[in-house]
Amino acid sequence: MEEKEEIQSRSLLGRFSLRKDGKGEKSYVEIFLIPSVAVLLSAIIMVSLLLHVLNFGGVALSTKDREKLTASIQKIQIIDNAKAFKTTENLKISMTEFYNATGVSPCVYTLSEGEGTTASEAYYQNCASENCFFVMLDPKTNAVSAVSGNGAASVMDAEAYEIFSDYVLHYENIAESDEELLEYSFNATATRIMRKTNLFNCVPAPYYYGIIIAVLIILFFSTKVKNDLKIKNKDKE
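The structure contained in this document is the topic of the report that follows.

Cut-offs applied
- Residues numbered from 1 in each chain as written.
- Predicted model: local features only at pLDDT ≥ 70, side-chain atom pairs only at ≥ 80, totals over all residues.
- Heavy atoms only, no water.
- Helix = DSSP H or I, 4+ residues; strand = E, 2+ residues; numbered from the N terminus.
- Buried < 20%, exposed > 50% of the residue type's maximum accessible area, 1.4 Å probe, protein only.
- Contact = heavy atoms within 4.5 Å.
- Areas by Shrake-Rupley, 256 points an atom, 1.4 Å probe, with all protein chains shown as cover.
- Phe/Tyr/Trp six-rings, centres within 6.5 Å; stacked < 30°, edge-to-face > 60°.
- Pairing = 2+ DSSP bridges.
- Axes fitted to C-alpha atoms, helices over the stretch in contact; angles between N-to-C directions.
- Polar contact = N/O pair within 3.5 Å; in protein donor to acceptor, adjacent residues only side chain to side chain.
- Salt bridge = Lys/Arg side-chain N within 4 Å of Asp/Glu carboxyl O.
- Arc of directions from axis to C-beta.
- Core = buried A, V, L, I, M, F, W, Y, C linked by side-chain atoms within 4.5 Å.
- Expected span 1.5 Å × (residues − 1).
- Parallel < 35°, antiparallel > 145°, perpendicular 65-115°, else oblique.
- Left-handed = near helix turned anticlockwise from the far one by under 90°.
- Nonpolar A, V, L, I, M, F, W, Y, C, P; charged D, E, K, R; others polar.

1. Observations regarding the overall build of the protein
Part 1 of the reasoning: When helices and strands are counted, the protein shows seven helices and six strands.
Part 2 of the reasoning: Starting at the N terminus and ending at the C terminus, the protein contains elements arranged as β-β-α-β-α-β-α-β-β-α-α-α-α.
Part 3 of the reasoning: When the 237 residues of the protein are sorted by exposure, 36% land in the buried category.
Part 4 of the reasoning: For the protein, restricting intrachain contacts to residue pairs at least 6 apart in sequence, the fraction spanning at least 24 positions comes to 64%.
Part 5 of the reasoning: Here the protein has roughly 14500 Å² of accessible surface; of this, 57% comes from carbon and sulfur atoms.

2. Here we look at the packing of aromatic side chains
Part 1 of the reasoning: Throughout the structure, instances matching the rule amount to 11 aromatic pairs.
Part 2 of the reasoning: Where Phe164 meets Phe186, the ring centres are 5.7 Å apart and the plane angle is 50°; that geometry is what we call tilted. One end of the pair, Phe164, is in helix α4 (residues 158-171); the other, Phe186, is in helix α5 (residues 178-193), and 22 residues separate them in sequence. Phe186 carries the same exposure label as Phe164, and that label is buried.
Part 3 of the reasoning: Through a chain of ring-to-ring contacts, the aromatic side chains of Phe98, Phe133, Tyr161, Phe164 and Phe186 assemble into a single cluster.

3. Quick word on the sheet that holds strand β4 (residues 105-110)
Note on sheets: strands pair through backbone hydrogen bonds, and any given pair is parallel or antiparallel.
Part 1 of the reasoning: The mixed open sheet is built from four strands, whose spatial order is β3-β4-β5-β6. The open sheet is flanked by β3 (77-80) and β6 (143-148), the only strands paired with a single partner. Geometrically, the sheet is characterised by an average inter-axis angle of 15° between neighbouring strands, direction not taken into account.
Part 2 of the reasoning: Sheet strands touched by helix α2 (residues 89-102): β3, β4 and β5 (132-138). Its angle to β4, the strand with the most contacts, is close to 145°.
Part 3 of the reasoning: Where helix α3 (residues 119-126) meets the sheet, its contacts fall on β3, β4, β5 and β6, and the angle it forms with β5 comes to roughly 130°.

4. Side note on the side chain of Thr189
Part 1 of the reasoning: As for its placement among the helices and strands, Thr189 is situated in helix α5.
Part 2 of the reasoning: Classification of Thr189 as buried rests on a relative accessible area of 0%.
Part 3 of the reasoning: Reaching out from Thr189, the side chain makes a polar contact with the backbone oxygen of Ser185 at a distance of 2.6 Å.
Part 4 of the reasoning: What Thr189 contacts, discounting residues up to four positions off in sequence, is Phe98, Ala160, Ile163, Phe164 and Tyr167.

5. Comments concerning the pattern of salt bridges
Side chains that differ in sign of charge can pair as their charged atoms come close.
Part 1 of the reasoning: One pass over the structure, following the stated rule, counts three salt bridges.
Part 2 of the reasoning: Ionic pairing is found between Arg66 and Asp157, a salt bridge with its closest N-O pair at 3.0 Å. Placement of Arg66 in the loop between α1 (28-55) and β3 and of Asp157 in the loop between β6 and α4 is noted, with a sequence separation of 91 residues between them. Each of the two residues, Arg66 as well as Asp157, counts as buried.
Part 3 of the reasoning: Look at the salt bridges and you will find they share partners, linking Lys64, Arg66, Asp157 and Glu159 into a network.

6. Description of α3
Part 1 of the reasoning: Where α3 is concerned, the buried positions are Ala119, Ala122 and Tyr123. One side of α3 holds all its buried residues, which, seen down the axis, span an arc of 105°. For α3, the exposed residues lying more than 90 degrees away from the buried face are Tyr124 and Gln125.
Part 2 of the reasoning: Buried residues along α3 sit in contact with β4, β5 and β6.

7. Observations concerning the nonpolar core
Looking at soluble globular proteins, one finds that nonpolar side chains tend to be buried together.
Part 1 of the reasoning: Within the largest apolar cluster, 29 residues are counted, with the highest numbers of intra-cluster contacts made by Val104, Phe133, Met156, Leu182 and Phe186.
Part 2 of the reasoning: Within the residue set of this core, elements represented by two or more residues are α2, β5, α4 and α5.
Part 3 of the reasoning: In this structure, Tyr109, Ala119, Ala122 and Cys132 belong to the second largest nonpolar core, which totals 12 residues.

8. Comments concerning α2
Part 1 of the reasoning: In this model α2 runs 20 Å from its N-terminal to its C-terminal C-alpha over 14 residues, within 8% of the 20 Å that 1.5 Å per residue would give.
Part 2 of the reasoning: One or two residues past the end of α2 sits Gly103, with phi positive at roughly 80°.

9. Here's the deal with the packing of α4 against α5
Part 1 of the reasoning: Between α4 and α5, whose axes approach to 9 Å, the crossing angle comes to 140°. Overall, the two elements α4 and α5 adopt an arrangement that is oblique. In this structure, α4 crosses over α5, and the sense of that crossing is right-handed. Contact residues: α4 offers Ala160, Ile163, Phe164, Tyr167, Val168 and Tyr171, while α5 offers Leu181, Tyr184, Ser185, Phe186, Ala188, Thr189, Arg192 and Ile193.
Part 2 of the reasoning: Grouping the constituent residues of the contact of α4 with α5 by class yields 11 nonpolar, two polar and one charged.

Laid out in structure tokens, this is it:
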């Protein structure tokens, strides 16, 4: 049988052989480099996920499940003395969702210029319920302080305060306005404090999608390389 002639060329990436009949061996790029890149990207995604999980997004962990208050009466208050809010529609929705999740009635109070009221003083002046979570915003300094009544203590404990504070810090560079800052913080706080933080309820969904995509990429290229090597071995026989 006449031997098939081979035209071989060398490159920095490896060796590629092409027979005159058009059938060729897969190059180093296809068999080794591409799968390696796929594995590397997958590793980057995994490391990013691990770092996020270890840091939990920079927000304190919720170490326990909290029971929603059942005896409270819903009362959403926004007292915008400083006229800091352009619109309060989305903030009201967020505060309502906070109440629905926790049973704690939220109140937002903006400090007008020159007003020397403390959060505690403003709380007693404006909150009749002991189940109130009172948040005071100073638009001039962007300082946010909070206080709550004894009736809300089982939900808004020291850990819950820390979580709320962490979310305020997290969103202050993301939110485009004061009302957005509080809207996001109320939503995120209610989600986190009512259950113990774990891998499944603290990691954003895109990370899971990334893992699924990474696994599919690895499986695809692993199967492809395996089949390519089988074809290569058959051609050599």
